[in-house]
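Chains, contacts and geometry: an overview
Here's the letter readout for the chains.
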Amino acid sequence: MIKPGGSPALILIVCMADFEKLENVINRIASGFEKSCMDCLQENNIEIADLVREQLYSGLDGNTDSLRPGYSDDPYFHETTSIWHNNPDGYIAWKKKITPPIKSPRLNLPPRPVDVPNLYITGPFHESIRASVAGDTLSIDTVGFVDGPDIVRKYGNDILMLGKDAREYVVLQLLEPFLKRFFKQCGYK
């Protein structure tokens, strides 16, 4: 603490020491911020993949658009080899029974309309969704399920993106606490 009437040279030395300390803290934060963000995403990659699954179960892609085609306009139901040939309503009733539309637990998304797919029947596609970090990139892919790439082609790459609600969840629930610890480790109080 500098007392009133203290020497100007002493005041200057104390202020310079404070600025030096502040500069060091800022440099540590600036040089490690991006890596810290990517470390957080990698440490939470399973939860991030779960957020994509939750969106899909709610019938939404990463743009918060309903998955299309819906059951009533899906060409699959017009294929003569389909066990559901010309019976999308029967499929909708069956699907509603095995995967009932529900409000999503973390993202608070509304239940999907019954005509909207959720890409879940027995689970292999959902289970194949993986999030990983390489350098400064977060990738979300389908891994190890032979039909995964076909499903992505049919419904679009956006099904493997984090939507607005999922991104908000990542920022508030994952990044914010992680970065608070990082700032503290850098000397910021």
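Predicted, not measured: the structure shown is a model, and the values here were computed from it.

1. Here's the deal with the layout of surface pockets
A volume near 530 Å³ is recorded for the largest pocket. Along its surface, the largest pocket is lined by 24 residues, and Tyr91, Leu119, Ile121, Ile151 and Tyr155 are the ones closest to its centre. If you list the elements that add at least two residues to the lining of the largest pocket, you get α3 (88-98), α4 (124-127) and α5 (148-155). Examining the composition of the lining of the largest pocket, we find that 4 residues originate from one element, α5, more than from any other. For the lining of the largest pocket, the per-class residue count stands at 16 nonpolar, 2 polar and 6 charged.

2. Observations concerning unusual backbone geometry
Between Arg68 and the following residue, Pro69, the backbone shows a cis peptide bond with an omega angle of 10°. Of note in this structure, Asn86 is not a glycine but carries a positive phi near 55°. Mapped onto the elements of the fold, Asn86 is located in the loop between α2 (45-57) and α3. A positive phi angle is found at Asn108, which is not glycine, with a value near 60°.

3. A look at the nonpolar core
Counting 35 residues, the largest nonpolar core has Ile48, Leu56, Ile129, Ile140, Ile159, Leu162 and Val170 as the members making the most contacts within it. Of all elements in the fold, only α1 (8-43), α2, β1 (129-134), α5 and α6 (164-185) reach the threshold of two or more residues within this core. With 8 residues, α6 is the largest single contributor of residues to this core. Sequence-distant contacts of Ile140, defined by excluding residues within four places in its chain, comprise Ile48, Val52, Ile129, Arg130, Ala131, Leu160 and Leu162. Counting residues in each nonpolar core, the second largest holds 5 residues, with Tyr71, Phe77, Trp84 and Ile92 among its members.

4. A few points about α6
Helix length check: α6 (22 residues) gives 30 Å between terminal C-alpha atoms against 32 Å at 1.5 Å per residue, within 8%. Of all the bends in α6, the greatest, near 40°, is centred on Leu175, and the proline Pro177 appears no more than four residues after it.

5. Some points on the pairing of β1
If a strand is regular, its side chains alternate between the two faces of the sheet. In terms of strand pairing, β1 meets strand β2 (residues 137-142) through 6 bridges, oriented antiparallel. The partner of Arg130 across the bridge, within β2, is Asp141. With antiparallel pairing between neighbouring strands as the criterion, β1 and β2 make up a hairpin whose turn holds 2 residues, including Gly135 at a positive phi of roughly 65°.

6. Topic: the side chain of Arg112
Tracing the backbone through its elements, the reader meets Arg112 in the loop between α3 and α4. Put simply, Arg112 is tucked away with no salt bridge, and the nearest opposite charge, on Asp115, sits 9.7 Å away. In terms of polar contacts, Arg112 uses its side chain to reach the backbone carbonyl oxygen of Thr99, at 2.6 Å. Every residue in contact with Arg112, bar those within four places of it in the chain, is listed here: Tyr57, Ser58, Gly59, Lys95, Thr99, Pro100, Pro101, Pro117 and Asn118.

7. Some remarks on the pattern of salt bridges
In the structure shown here, the tally under the stated rule is 8 salt bridges. The salt bridge involving Asp50 is made with Arg53; its shortest N-O contact spans 2.4 Å. Of this pair, Asp50 and Arg53 are both found in helix α2, 3 residues apart, which corresponds to roughly one turn of the helix. With a relative accessible area of 25%, Asp50 lands in the partly exposed category. Of the charged contacts in the structure, one is a salt bridge between Lys180 and Glu176, with a shortest N-O distance of 3.7 Å. Here Glu176 and Lys180 lie together in helix α6, a separation of 4 residues that amounts to about one turn. Connected through shared salt-bridge partners, Glu47, Glu54 and Arg106 make up one network.

Definitions and limits used
Residues numbered from 1 in each chain as written. Predicted model: local features only at pLDDT ≥ 70, side-chain atom pairs only at ≥ 80, totals over all residues. Heavy atoms only, no water. 1 Å grid on protein atoms, 1.4 Å probe; cavity = no way out; pocket = protein on both sides within 12 Å on 5 of 7 lines; lining within 4 Å. Points joined across faces, edges and corners; volume = space filled by probe spheres on them. Helix = DSSP H or I, 4+ residues; strand = E, 2+ residues; numbered from the N terminus. Nonpolar A, V, L, I, M, F, W, Y, C, P; charged D, E, K, R; others polar. Core = buried A, V, L, I, M, F, W, Y, C linked by side-chain atoms within 4.5 Å. Buried < 20%, exposed > 50% of the residue type's maximum accessible area, 1.4 Å probe, protein only. Contact = heavy atoms within 4.5 Å. Expected span 1.5 Å × (residues − 1). Bend = angle between axes of the 7 residues up to and from the residue. Pairing = 2+ DSSP bridges. Lys, Arg positive; Asp, Glu negative; His and termini not counted. Salt bridge = Lys/Arg side-chain N within 4 Å of Asp/Glu carboxyl O. Polar contact = N/O pair within 3.5 Å; in protein donor to acceptor, adjacent residues only side chain to side chain.

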